[in-house]
Amino acid sequence: MGTALIYDEEMTKYKLLWVDPACKIEVPERLSVSYEALVRTGLSDRCVSVPPREASDAEILLVHSEEYLEGVKKTPHMTLEDLKEFTLQYGDVYFHPNIYHCAKLAAGSALQLVDSVMTGKVRNGMALVRPPGHHSMRSAASGFCVFNNVAIAARYAKQKHGAKRVLIVDWDIHHGQGVQYCFEDDPSVLYFSWHRYEHQEFWPNLRESDYDCVGKGSGAGYNINVPWNEVGMENGDYLSVFCHVLLPVAYEFCPDLVLVCAGFDSAIGDPEGEMCATPDIFAHLTHLLMNLAGGKLCAVLEGGYNLTSLAQSVCQTVQTLLGDPLPQLANVRSPCESALESLQCVRSVQRRYWSILKHAADSPTTDVSTKRIKLAKAEEEKAETAEEERGQEEKVWPEPAERLRPPVCSASVLPDDAACPDGLKRLVSSKDPEPLLVSRIKNRSTEDAGDADGVATFSRLYTLIEKMRTNEIGNGVALVPDVAAAMECVVQDLGSDLVSRVLVVCVGKEELNCATADGSEDKQEQKGKYYIPVCLKKGCADTVGFIQAVFGLLLPLGYEYDPGLVLLVRMPGSGVGDCMWQQLIGLLKGFAKGHTLVLMQTNDGACMDPTASALLGHPAPPLQELLTPLPDDGGALERMRERLQAHWKMLQTTVSSGN
Ligand code: X5A
Ligand code: ZN
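Values in this document were obtained by computation on a predicted structure and should not be read as measured data. (Residues numbered from 1 in each chain as written. Chains lettered and ligands numbered in written order. Predicted model: local features only at pLDDT ≥ 70, side-chain atom pairs only at ≥ 80, totals over all residues. Heavy atoms only, no water.)

### Remarks on the confidence of the model for the protein
Applied cut-off: Across the chain, each position has a pLDDT score giving the predictor's confidence in that residue, from 0 to 100. Residue contacts follow a heavy-atom distance rule, with two residues in contact if any of their heavy atoms lie within 4.5 Å.
For the protein, per-residue confidence averages 91 on the pLDDT scale, and residues scoring 70 or more make up 89% of the total. This model gives residues 514-519 a pLDDT under 50, and the stretch forms 2 contacts once residues within four places in sequence are excluded.

### A closer look at the packing of aromatic side chains
Note the following rule: Working definition: rings of Phe, Tyr and Trp (its six-membered ring) pair if their centres are within 6.5 Å, and the pair is stacked with planes under 30 degrees apart, edge-to-face with planes over 60 apart, and tilted otherwise. Runs of H or I in DSSP of at least four residues are treated as helices and runs of E of at least two as strands, each being numbered from the N terminus. Partly exposed residues are those whose accessible area sits between 20% and 50% of the maximum for their type, while under 20% is buried and over 50% is exposed, using a 1.4 Å probe and protein chains only. Geometrically, a lysine NZ or arginine CZ counts as sitting over a ring once it is within 6 Å of the ring centre and also within 35 degrees of the ring normal.
Taken as a whole and judged by the stated rule, the model has 24 aromatic pairs. Here Tyr 14 and Tyr 94 contribute two aromatic rings whose centre-to-centre distance is 6.0 Å and whose plane-to-plane angle is 45 degrees, an arrangement assigned as tilted. Pair noted here: Tyr 14 is in the loop between strand 1 (2-6) and helix 1 (29-40) and Tyr 94 is in the loop between helix 5 (80-88) and helix 6 (99-118), with a separation of 80 residues, a long-range link. Of the two residues, Tyr 14 and Tyr 94, both sit in the buried class. Between Trp 171 and Phe 282 the ring centres are 5.5 Å apart and the planes differ by 45 degrees, which places this aromatic pair in the tilted class. Here Trp 171 is found in the loop between strand 4 (166-170) and helix 8 (177-183), whereas its partner Phe 282 is found in helix 10 (residues 281-289), with 111 residues between them in sequence. Three or more aromatic residues link up through ring pairs in this structure, and these residues are Tyr 68, Phe 86, Tyr 90, Phe 95, Tyr 100 and Phe 147. Over the aromatic face of Tyr 14 sits the side chain of Arg 130, whose NZ or CZ is 3.9 Å from the ring centroid.

### Description of the site of ligand 1
This is how it is decided: We call a residue near a molecule or strand when any one of its heavy atoms sits within 4 Å of it. Two N or O atoms form a polar contact when they lie within 3.5 Å of each other; inside protein one atom must be a possible hydrogen donor and the other a possible acceptor, and for residues adjacent in sequence the pair counts only when both atoms belong to side chains. Note on areas: these come from Shrake-Rupley sampling with a 1.4 Å probe, and a residue is covered only by the protein chains present in the view. Lys, Arg, Asp and Glu make up the charged group, whereas Ala, Val, Leu, Ile, Met, Phe, Trp, Tyr, Cys and Pro make up the nonpolar group; the residues left over, Gly among them, are polar.
Close to ligand 1 lie 13 residues, the nearest being Asp 92, Gly 143, His 174, Asp 265 and Tyr 305. At 2.7 Å, a side-chain N or O of Asp 92 approaches a nitrogen atom of ligand 1. The contact in question runs from an oxygen atom of ligand 1 to an N or O atom on the side chain of His 174, over 3.2 Å. Isolated, ligand 1 exposes 310 Å² of accessible area, and the fraction of that covered by the protein chains is 97%. Its residues assigned to classes, the shell around ligand 1 comprises 4 nonpolar, 5 polar and 4 charged.

### Overview of the coordination of the zinc ion (ligand 2)
The line we're drawing: Any N, O or S atom lying within 2.8 Å of the metal counts as a donor, with the limit raised to 3.2 Å for Na, K and Ca; because water is left out of the atom set, some sites can appear incomplete.
Each protein donor to the zinc ion (ligand 2) is listed here as Asp 172 (OD), Asp 172 (OD), His 174 (ND1) and Asp 265 (OD); together their distances run 2.0 to 2.6 Å. Donor residues for the zinc ion (ligand 2), ordered by position in the chain, follow D-x1-H-x90-D. Highlighted residues: Asp 172 in the loop between strand 4 and helix 8 and Asp 265 in the loop between strand 7 (257-262) and helix 10, separated in sequence by 93 residues. No difference in accessibility class separates Asp 172 from Asp 265, as the two residues are buried.

In structure tokens form, the structure reads like this:
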């Protein structure tokens, strides 16, 4: 199961033929530098190369009107003057004698990608195309777009492949109004877009790009707009919106296919977006979507106008689709006030439609809003100076770090009589384990660590963690006679030696004895910050509660904590189903460069195969129909999140009151 890559040099063969400041950034090099970066890094060689084709008239008519198609059809034969005139009826777009051909290839590329993914030829893929698509409407070109590639692909996936629900994630920095209009009243297509908005000051300056446009009729709730009202948004702002809005809703929606309007003008250095998220954020955004729809994800290029930032972002996306370990996002900063305000507004209008958001807070009070208006003038002045300063110096950022695949993807530590699942490397003990280690293991020892078997198991565990630290091994699973004891041993003795921060995720009932070395006075507070027990009344059978806990608490905490190792512990009788368990493993791979150690109890071996599959990087099966949540679990989780916000800023979903 591979990753498709669609590219054709032909789509570089049109350009702006006259002077138009609004269009000069949309250049053929956008495509060639992206592709060359994939070649240079060896990523293109690892993909399945799929050729584009031209979309047929019938396919284009899935979204566009006959009159519009007929108009565009005439452009290859027009004179320069005619082309200019034809262009004038639309906003921020240009035509060229070869653009109609390229636009058919761009839409056809999206369809080829959908075919490859839906038939199972590949798991996922990316199409590098020009012209982009998300601004074009039924009867109009707009914003460099001629045909709406992704909208056509969504209709096609439903019609030709029987997809019941399609999720479109538009992370381009512009609002894909064309996609919104296309699916406004259609509950089978969920459209999510974040976009630079600045209270309607930013192109395309539409009232209907605001957060309160949620779709119409039976499509109400299936359109999600997240307006960015300030520039300079960072990784933490993007991740917050994913964790607190998009992902919970996407899991509740349960799509059969995920389409991404993959514009990279939302990355740092882009002259249109003016945002500050780094190219490696796209590795995480991609990863977070890869366990939906059984991994069926098609990314189609939209915008991206800083050639350096664009090429890096494309590489990060494709490398993630290929399953390479995720880059560590060091110091994810807390979301800014403006982002929190957008987040709060979106959650409060969407909570009517999504049971997973039911307990979200109200919109900021008018009181807060008036305060903001009062502040606006001062802010505006500040922004103007900042703007001038920004204009002077070009943005610079470090090149994303290399993401090395470990020689061994997954390893196991098993009792001698247990079978090792395919694809995992079984660790065996060296003849004489390190004497210092043996004495330490014996020292702390509960009965089971003391005997020869115990020593062997723990020394193998030590080796496993050590090899994860040096990236010789990606991740691992251990079957141990007593998970609680093993967890304590890893946290207190083995892990702490090798990595400074371990994220322990314990599924099921268990209280971890956290021994703080210094016994300091704020131990209570420390415990409140670092020990986070989540209780679901129906336990892990409560899918909604589980998703709320994972996206509302665990992921944002993980991003803020930035662990060097994830320890996932499965307590016996935890009741977690295989799907949920695999989802959890898949999602946790975003932390610690994928270094996850799973601990399971020897008699819990039945879930070994799902565990191995998830560790090896196979997408988790979709979570089945969501059960109705118990009345108070959601509320309790919300209250817990509120309490923890004092310690963990990534848990915030509302503007800070009182200032
Ligand atoms: C696809 C895309 C941007 C149009 C900007 C017009 N279009 N000012 O990013
Ligand atoms: Zn864009």
